[in-house]
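# Coordinate analysis (summary)
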Amino acid sequence: MNYALLVHGAPYSHQAALSALRFADTVVTSGHRLASVFFYHDGVHNASALMSPPQDEVHLAEGWQRLHQDYGTQLLVCIAAGLRRGLLSADEANRHGLASHNVEAPFELTGIGQLVDAMLNNDRLITFAP
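Before going into details, it helps to say that this report is about the structure given with it. (Residues numbered from 1 in each chain as written. Predicted model: local features only at pLDDT ≥ 70, side-chain atom pairs only at ≥ 80, totals over all residues. Heavy atoms only, no water.)

## Quick word on the pairing of strand E2 (residues 33-39)
Put simply, the test is: Accessible area is worked out with a 1.4 Å probe on protein chains only. A residue is then buried under 20% of its type maximum, exposed over 50%, and partly exposed in between. Helix and strand definitions here come from DSSP, where helices need a minimum of 4 consecutive H or I residues and strands a minimum of 2 consecutive E residues; each element is numbered from the N-terminal end. When DSSP finds two or more bridges between a pair of strands, those strands are recorded as paired. A clockwise path from the first strand over the helix to the second, with the strands pointing away from the viewer, defines a right-handed crossover.
Taking burial as the measure, the 7 residues of E2 include 6 buried ones, the bulk of the element. With 6 bridges connecting them, strand E1 (residues 2-7) and E2 associate as parallel partners. Residue pairing for E2: Tyr 3 is matched across the bridge by Leu 34. In this fold, the crossover linking E1 to E2 by way of helix H1 (residues 16-29) has right-handed handedness. Here E2 runs beside strand E3 (residues 74-78); their pairing, made up of 4 bridges, is parallel. Opposite Phe 38, over in E3, you have Leu 76 as the bridge partner. For the segment spanning E2, helix H2 (residues 60-71) and E3, crossover handedness is right-handed.

Right under this line is the structure:
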């Protein structure tokens, strides 16, 4: 079965992001395919390269990156929600004349059309929200 996830919850603020990551791990270890994770609303903060949680906590960004590296899962960040919340890739920072960025590969800023694509081309879209 092919899955896609939609994550609305910010990391470390709500259980949504951690629950989504745990669900994602279960999906792939059960032999299913996790095609993409779309981060929307406050969920875009999961893509921040500046996260530095204490050593005894799950590092959510690294968990998402591992899914991409091990299983090829796309990590899609809503560009409109990201820009509103100060999450920019190097290209977007340059385009807006800003000195720095905090979104790096394998996370990619993209439009809402990618979410629609995930809904249409996967068997299930599971939403995690606070």
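## Points about the pattern of salt bridges
How we decide: Salt bridge, as used here: a side-chain nitrogen of Lys or Arg that lies within 4 Å of a carboxyl oxygen of Asp or Glu.
In this structure the tally under the stated criterion is 3 salt bridges. Its salt-bridge partner being Asp 25, residue Arg 66 comes within 3.1 Å of it at the nearest N-O pair. One end of the pair, Arg 66, is in helix H2; the other, Asp 25, is in helix H1, and 41 residues separate them in sequence. The exposure class assigned to Asp 25 is partly exposed, which follows from its relative accessible area of 21%. Here Arg 95 and Glu 92 are joined by a salt bridge, their closest N and O atoms 3.0 Å apart. With a gap of 3 residues between them, Arg 95 and Glu 92 both fall in helix H4 (residues 90-95), about one helical turn apart.

## Brief notes about the pairing of E3
By the criterion of burial, E3 is predominantly enclosed, with 4 of the 5 residues buried. Note: E3 against strand E4 (residues 107-110), 4 bridges, orientation parallel. Looking across to E4, one finds that Leu 76 is bridged to Glu 108.

## A look at the packing of aromatic side chains
Aromatic rings considered in pairs are described by the distance between their centres and by the relative angle of their planes. Put simply, the rule reads: Two rings from Phe, Tyr or Trp (for Trp, the six-membered ring) form a pair when their centres sit within 6.5 Å of each other. Planes less than 30 degrees apart are called stacked, planes more than 60 degrees apart edge-to-face, and all others tilted.
Under the counting rule described, the total for this entry stands at 5 aromatic pairs. Relative to Phe 128, the ring of Phe 23 has its centre 5.6 Å away and its plane inclined at 55 degrees; by these criteria the two rings are tilted. With Phe 23 in helix H1 and Phe 128 in strand E5 (residues 124-128), this pair connects stretches of sequence that are 105 residues apart. Take Phe 23: its relative accessible area is 28%, and that puts it in the partly exposed class. Of the residues examined, Phe 128 reaches a relative accessible area of 13% and is grouped as buried. Taken together through their ring pairs, the aromatic side chains of Tyr 3, Phe 23 and Phe 128 make up a single cluster.

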